[in-house]
Amino acid sequence: GQSPGRRPYIPLLPGSPRRLSPRTAARGDHGLRYGPQHLKVPAPRAPGPKNSSGRDSDQASGRQTPHGHSVINNYLDANEPASSEARLSRMHFHDNQRKVDYVLAYHYRKRGVHLGPGSPGHSLAVISNGETGKERHAGGPDIELGPLDALEEERRGQRDEFEHNLMAAGLELEKDLESKSQGSVFVRIHAPWQVLAREAEFLKIKVPTKKMYEIKAGGSVAKKLQALVQKLSSPLQPRVPEHSSKVKRLCYPFSREKMYLYNIQEKDTFFDNATRSRIVHEILKRTACSRANNTMGINSLIANNIYEAAYPLHDGEYDSPGNDMNDRKLLYQEWARYGVFYKFQPIDLIRKYFGEKIGLYFAWLGLYTSFLIPSSLIGVIVFLYGCATIEEDIPSKEMCDQQNAFTMCPLCDKSCDYWNLSSACGTARASHLFDNPATVFFSIFMALWATMFLENWKRLQMRLGYFWDLTGIEEEEEHSRPEYETKVREKLLKESGKSVVQKLEAHSADHDDEDDEDKLTWKDRFPGYLMNFASILFMIALTFSIVFGVIVYRITTAAALSLNKATRSNVRVTVTATAVIINLVVILILDEIYGAVAKWLTKIEVPKTEQTFEERLILKAFLLKFVNAYSPIFYVAFFKGRFVGRPGSYVYVFDGYRMEECAPGGCLMELCIQLSIIMLGKQLIQNNIFEIGVPYLKKLFRKLKDETEAEESGPEHSKHPEQWDLDYSLEPYTGLTPEYMEMIIQFGFVTLFVASFPLAPVFALLNNVIEVRLDAKKFVTELRRPDAVRTKDIGIWFDILSGIGKFSVIINAFVIAVTSDFIPRLVYQYSYSQNGTLHGFVNHTLSFFNVSQLKEGTQPESSQLNYEVQFCSRFKDYREPPWAPNPYEFSKQYWSVLSARLAFVIIFQNLVMFLSVLVDWMIPDIPTDISDQIKKEKSLLVDFFLKEEHDKVKLADESAQKSQGGGDRGRGSRAASSVPSRRSGAGSVVSSASQHTNV
C-alpha cells in the first residue's frame, strides 16, 4: 500500500540493528550550516492508504512529507500510549535504545476541531508540514479539521522546515501526535554516533586517548604534607567518584581519521551527556530556516515564538526513591543540600554535569569563600582589639568626663538648646571599636588580601584548565544574534539598487563573511549609542537625586523631631535608622529596575554576538548597580558634615533647614551603621525573597498549570510524567550574570570600606556558606539543565574584580585620612601634645564661638542650663577664636592636618600598590608543577603519535605479507617493493599510509 519510491520505516526494536538515514552517510560538510539547500524537494504526492490502526501507512512508517524526508521516525499514536512503566529509561526514545540528547518544546493550537458523534478516538494524525486533512478511524466517521489561523499555520511551516533541516544534518527526531485542540509538544532529538563524531571533529572537542601517564608529584616532604592534609580533610570531602590525581589520560581533539588513538570502549557512552547535548546545541544554533526570513539557529526561532524552549535533559530525578544513582541525584545529596554545607564542592562532577563555564563559577565562588576565612579572623581580632582598648582610649575618656564642661552650640535653630559634650559619651566609645590604629593595618591587609585572592584564582584557573583539558582551546566561532540579523535585513531592504529578493539572497549567501565583518556601521549604531549615553547619565542622576531626597528627609525629620521634647533626645538614632532603611528599600527596587534597563539599553545597541552582548550588559549593569549601592555610603563617608558651615554662618538647604553634620564621635560610626545595614539587608532580602521566594512562587504557578494540562491529557500522563515534561516545568536558565553580580557587589562591600567595618568579611563569609548551597540547589532542582559551555576563564568579571581591588586602595586611604580621626590624632600627638600623649586632644579639636554673634532668630528660645553662656565650642573644627585678629578663619592646625591627610593618602596608596605588585610578582600565574606537566604532556603526545603510527604501519605491512604469502617469491617481492617506505632518523618506519599525519 505504499507509493512508489517510498522507503518503509523499520521500527527500532531492542537488539535490532539500527538503520541509518542517508543523510547520516554524507559526512563531508564538517558541521557547516544546514539549510534548505541540503534538501531535495520532489513534487508532493497524495497520502497513502490507511492502515488498520486508522493512521496513514506513511505516517505509521515514519511519516513522509512533501519534501521527501522522514522527519519523525518514531511517531506515537495517542490511542495506544506507550506505558511509562514498561520503559527502561525516561531518558530514551520509546524504542528504549536511542538516548534523548536534546528537547524542543512548543505550544500548538487548532481551530475548528469537531468530533463527529460516536467517534471512537481523539487521535489526529498531522502531517509534518502542518497541513491538515481528513482522517478516518477504523469503524468511525470522518473528522473534519477547520483551517488554522495564519500565524499558527506559518509557525507550523517554519517548525516543519527546521525539523527537516535537522534531519538533513543527521539528527533523529521523535515527538507525539498533536491529538488535542491545543497543548504542548516535545520534539526529542537524538544524535547518532556518526553525527557525534563529525561534530566533535569540527568543534575540536578533546577526548581521552589510550595513553595514560603518571602526574609528577613534589618531593617527599610535599607528598607527606599532601597525604596528611588529605587524611585530615577526609570528613569534609564529598562522597563522589574522584578523578585520580596521580594518573591522567592524554587528551587530543577528536578526529575520525585517528580513531585508533582514542579509548573508545563503547560508542554510546564515549561522549558524556553534557558533550552530546553541546554537540546537538551547536547544530541547532547553525541550522537555518528559509521560511523564517533565513533566520539562523534555534535562538532566532525561540525569539520569534516558533518554539517555546530548547534544553537538554537532566539525568533523571534528584529525589527518586530507591538506590538507583545518577549524577543529578549525587549532586543533590553531596552538594545541593544545606546539610552538607561543611563539605568541599565536587568541582569535577559539577563541571562534568553543567559544563566548564558553570564549573568555573562555583570554583571561583568556593575559592572566594575560603579566602574570606582568614580575613574574617583578622577582622574579628581587630574588632576585639577595639573592645579591649576602649577603656584606655584617652579622647573618649575626655568626652565622657563630665568635669570637662565643653558647652556645644545648638544643633538646630530656635528649638535646640546648648548641650554638653559628655552627653555623646556612648557614641564616642562606640566609634573607638572601629576607629583605632588596628583598622589602618587591617586596610593594608585587605588590599594585599584582594591581590592574593586574584593571584590564587589565576593559579587555580590554570590548574583546572590543565585537568579539564582547557589549555590551548580556541575561541569558538560565534553566530550572529537574531536581533542583529533582523537589523541587517532591515538595512538591506532600505538600500536602493537591488530588489528585495536579490538583497535577501545576497545576505544569505554572505552569511559566512558576516561572521568576520560587522555589517552595521557607526551611523547605524549611533542612535543606540546616543540613547545609551543619555539613559545612563539619567539613571546616575536619578540615583543622586534619590540620595539627595533622603538627605532632605534626614534634615527635615531631624528638625521636626527636635521641636518635641519627648523625641529630642533620640533624634539622631531615629533619623539614621529610618534613613538607612529607606536607602536599603530604594537600592533593592532600583537594582531590579536597573537590571531591566541595562538589558534594554544593550538590546538597542544591537551587539553582533552573544558574547559581545553579555559583556556590554555586564558593564552597564555593574556601573548602574555600583552607583546605586554605594552612593549613600560615599555620601556619609566623604560629604556629610563637610559643608555645614560654622555658627553664625551655617549652610541652609531650604529656608530654616541646616545641612546635617556628623555625630560628636565623627561620621565613621554612622558609616559603619550604613554599610552594615545595607550589606546585611541586601544579602538577606535578596537571598530570601528574590532567590528563594520568587522562584518558589513561579514554580508553584507552573506546577498548578501543568497539573491542569495533565488532567486534560488523562490520568496516565499525570501519573507517569516523562523527564522532558518534568524539566519543562522548571525555571529556564538565564545565565550566570545575576550570580556573579551579587558576589561582585559583595566583594566591593568587603574591600572598599573595610576600614570602617572590619566585620564585613565575617558577614560575607556567613552569607556565602549559604549562597553556595542555595545556588547549588537552584541549579540542580529548580532550573532546566544549562547547555555545557567550554571556556578558559571567567571573562570580564576578572577585570572588574581587579579594578575593584585597585579602587579599594584609594577609597580606604581616604576613609582613614578624611573620615576617621587617625590623622588628627597623629598630628596632635607628635606636633602639639606637650607630653606626647593624646591628653587634651578633644579640646584641641574644638573652636570657640561668641554666642552674641548668632544670627537674629536662631538663638535658643529657652535654655535649660543654669549658667549664662558666652562662648560655645564647635566640635571638630579648626578655626581661630573670636578674639583673634582673623576670627573664625581656618587655623594653622587645620592646614597642618589637611597636609598630613593628603600626605597619608599618597604614601598609603603607593605603599599598598607597591606591595600588591610585589605579591603579584612573587606568585606566578601558572603553578610550576602544572607548567612542567603541560610540557611533559606535549612531549608524551608526540611520542604516543609516533608509536601508534609505527604500530599501524607495521600491522599494515604484516597484513600485506600474509595476503601475499601464497604467491611466488618474486611476485611477493615485487608486491612488497610496491609499498614505498622509509626509515626516519628516529628509527620509526613511515609509509605512505601514514603520511597524512602531521606531528
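Residues numbered from 1 in each chain as written. Predicted model: local features only at pLDDT ≥ 70, side-chain atom pairs only at ≥ 80, totals over all residues. Heavy atoms only, no water.

### Quick look at the overall build of the chain
For the chain, the count of helices and strands is 32 helices and 22 strands. Relative to its 999 residues, the chain shows a buried fraction of 51%. Of the contacts made within the chain by residues no fewer than 6 positions apart, 78% connect residues no fewer than 24 positions apart. About 47,900 Å² of surface is accessible on the chain, with carbon and sulfur atoms providing 59% of the total. (Helix = DSSP H or I, 4+ residues; strand = E, 2+ residues; numbered from the N terminus. Buried < 20%, exposed > 50% of the residue type's maximum accessible area, 1.4 Å probe, protein only. Contact = heavy atoms within 4.5 Å. Areas by Shrake-Rupley, 256 points an atom, 1.4 Å probe, with all protein chains shown as cover.)

### Considering the UniProt feature "transmembrane region" (unreviewed entry) in the chain
Mapped onto this numbering, the UniProt entry gives "transmembrane region" (unreviewed entry) at residues 361-385, 438-454, 529-553, 573-597, 617-638, 743-766 and 902-923. Here residues 438-454 is 100% helix and 0% strand, with 24 Å between the C-alpha atoms at its ends. Secondary structure within residues 902-923 divides into 95% helix and 0% strand; the distance between the first and last C-alpha atoms comes to 32 Å. (UniProt positions renumbered as here; feature names shortened; annotations may be inferred.)

### Focus on the side chain of N768
Relative to the elements of secondary structure, N768 occurs in helix 26 (residues 760-782). With residues up to four places along the chain from it excluded, the contact list for N768 reads L365, Y368, T369, L372, M743 and Q746.

### Notes on the packing of helix 20 (residues 571-605) against helix 21 (residues 610-639)
Here helix 20 crosses helix 21 at 155 degrees, and the two axes come no closer than 9 Å. On the basis of the axis angle, helix 20 is roughly antiparallel to helix 21. The element helix 20 and its partner helix 21 pack so that their crossing is right-handed. (Axes fitted to C-alpha atoms, helices over the stretch in contact; angles between N-to-C directions. Parallel < 35°, antiparallel > 145°, perpendicular 65-115°, else oblique. Left-handed = near helix turned anticlockwise from the far one by under 90°.)

### Describing unusual backbone geometry
The phi torsion of most residues other than glycine is negative, and most of the peptide bonds are trans. A positive phi is found at N305, a non-glycine position, where the angle reads about 65 degrees. The residue N305 is located in the loop between helix 8 (298-303) and strand 12 (309-311) in this model. Phi is positive for Y888, close to 65 degrees, though the residue is something other than glycine. For Y888, the location among the structural elements is in the loop between strand 20 (871-874) and helix 30 (892-922). Overall, Y888 belongs to the buried group, its relative accessible area being 7%.

### A few points about the packing of helix 9 (residues 327-334) against helix 10 (residues 347-354)
Look at helix 9 against helix 10: their axes get within 11 Å of each other, and the N-to-C directions meet at 140 degrees. As far as their axial angle goes, helix 10 and helix 9 are oblique. Remark: the crossing between helix 9 and helix 10 carries left-handed chirality. Between helix 9 and helix 10, the contacting residues are D327, R328, L330 and L331 on the first element and L349, I350, K352, Y353 and F354 on the second.

### What about the pattern of salt bridges?
A complete count under the given rule lists 35 salt bridges for this structure. The closest approach of N and O atoms between D775 and K778, which form a salt bridge, is 3.9 Å. Of this pair, D775 and K778 both sit in helix 26, 3 residues apart, roughly one helical turn. Judged by relative accessible area, which is 0%, D775 ranks as buried. Looking at K778, the relative accessible area reads 12%, which means it is buried. Three or more residues are tied together by salt bridges with common partners; here these are R554, K640, E660 and E670. (Salt bridge = Lys/Arg side-chain N within 4 Å of Asp/Glu carboxyl O.)

### Focus on the confidence of the model for the chain
As a note on interpretation, predicted positions should not be read in detail where pLDDT is low. A residue-level look at the chain finds 75% of positions with pLDDT of 70 or above and a mean pLDDT of 76. A low-confidence stretch, residues 511-516 stays under pLDDT 50, and its non-local contacts, those more than four residues away or across chains, total 17 contacts. Here residues 968-999 is modelled with pLDDT under 50, and outside its nearest four sequence neighbours on either side it reaches 28 contacts, counting other chains as well. (pLDDT = per-residue confidence, 0-100.)

### Re the packing of aromatic side chains
All chains considered together, the criterion is met by 54 aromatic pairs. Consider the rings of Y252 and F945, whose centres lie 4.6 Å apart with planes at 90 degrees: the pair is edge-to-face. In this pair, Y252 sits in strand 9 (residues 247-253) while F945 sits in helix 31 (residues 928-963), placing the two residues 693 residues apart along the sequence. Taking the relative accessible area as the measure of exposure, Y252 reaches 21% and is therefore partly exposed. Each ring, one from F890 and one from W895, has its centre 6.1 Å from the other, and the planes form 75 degrees; the classification is edge-to-face. The class for F890 is partly exposed, based on a relative accessible area of 33%. Among the residues examined, W895 registers a relative accessible area of 48% and is labelled partly exposed. In this structure, R785 is placed above the aromatic ring of Y353, and the distance from its NZ or CZ to the ring centre is 3.8 Å. (Phe/Tyr/Trp six-rings, centres within 6.5 Å; stacked < 30°, edge-to-face > 60°. Lys NZ or Arg CZ within 6 Å of the ring centre and 35° of its normal.)

### Looking at the pairing of strand 7 (residues 182-190)
Among the 9 residues that make up strand 7, 7 are buried, leaving the element largely enclosed by the rest of the structure. Bridge count between strand 2 (residues 102-109) and strand 7: 8 bridges; the pairing is antiparallel. Residue pairing across strands places V103 opposite R188, the latter belonging to strand 7. Two successive antiparallel strands, strand 6 (residues 172-175) and strand 7, enclose a turn made up of 6 residues. (Pairing = 2+ DSSP bridges.)

### Considering the state of the cysteines
Inspection of the entire model under this criterion finds 2 disulfides. A sulfur-sulfur distance of 1.8 Å marks the disulfide that ties C400 to C425. The chirality of the disulfide connecting C400 with C425 is right-handed, given an S-S dihedral of about 95 degrees. Separated by 25 residues along the polypeptide, C400 in helix 12 (residues 394-400) and C425 in helix 13 (residues 425-432) bring together distant segments of the chain. We note that C400, like C425, is buried. (Disulfide = S-S within 2.5 Å.)

### Some points on a nonpolar patch on the surface
There is a patch of nonpolar side chains on the surface, built from L225, L228, V229 and L232 and spanning about 410 Å² of accessible area. Here L225 shows up in helix 5 (residues 220-232). Taking relative accessible area as the criterion, L225 reaches 53% and is therefore assigned exposed. (Patch = residues over 30% accessible without salt bridge, like charges linked within 9 Å, V, L, I, M, F, W, Y side chains within 5 Å.)

### As for the nonpolar core
In terms of nonpolar packing, the biggest core is built from 117 residues, with W364, Y368, Y630 and F753 touching the most fellow members. Among the elements that make up this core, the one with the highest residue count is helix 21 (14 residues). Excluding anything up to four places from it in sequence, F753 contacts Y630, I633, F634, A637, F638, L671, L675, G748, I811, N812 and V815. Formed by 47 residues, the second largest nonpolar core is a distinct cluster that contains A197, Y213, Y260 and I279. (Core = buried A, V, L, I, M, F, W, Y, C linked by side-chain atoms within 4.5 Å.)

### Notes on helix 25 (residues 737-751)
Three or four residues apart is the spacing at which side chains of an α-helix point the same way, because the helix has 3.6 residues per turn. Between its first and last C-alpha atoms helix 25 spans 21 Å; for 15 residues at 1.5 Å apiece the expected length is 21 Å, and the two agree. Within helix 25, 14 of the 15 residues are buried, which leaves the element mostly enclosed by the surrounding structure. (Expected span 1.5 Å × (residues − 1).)

### Some details on helix 18 (residues 522-562)
In a regular helix each residue adds 1.5 Å, so 41 residues correspond to 60 Å; helix 18 covers 58 Å between its end C-alpha atoms and thus fits that length. The sharpest bend along helix 18 comes to roughly 25 degrees, located at G528. (Bend = angle between axes of the 7 residues up to and from the residue.)

### Here we look at the environment of L365
Mapping L365 onto the fold places it in helix 11 (residues 356-388). Since its relative accessible area comes to 0%, L365 is described here as buried. With 403 residues separating them in the primary sequence, L365 and N768 have C-alpha atoms 8.1 Å apart. Not counting the four nearest positions on each side in its chain, L365 is found in contact with M743, N768, V772 and D775.

### Details of the environment of L492
For L492, the location among the structural elements is in helix 15 (residues 482-494). Each C-alpha atom of the pair L492 and K519 lies 9.8 Å from the other, and the pair is 27 residues apart in sequence.

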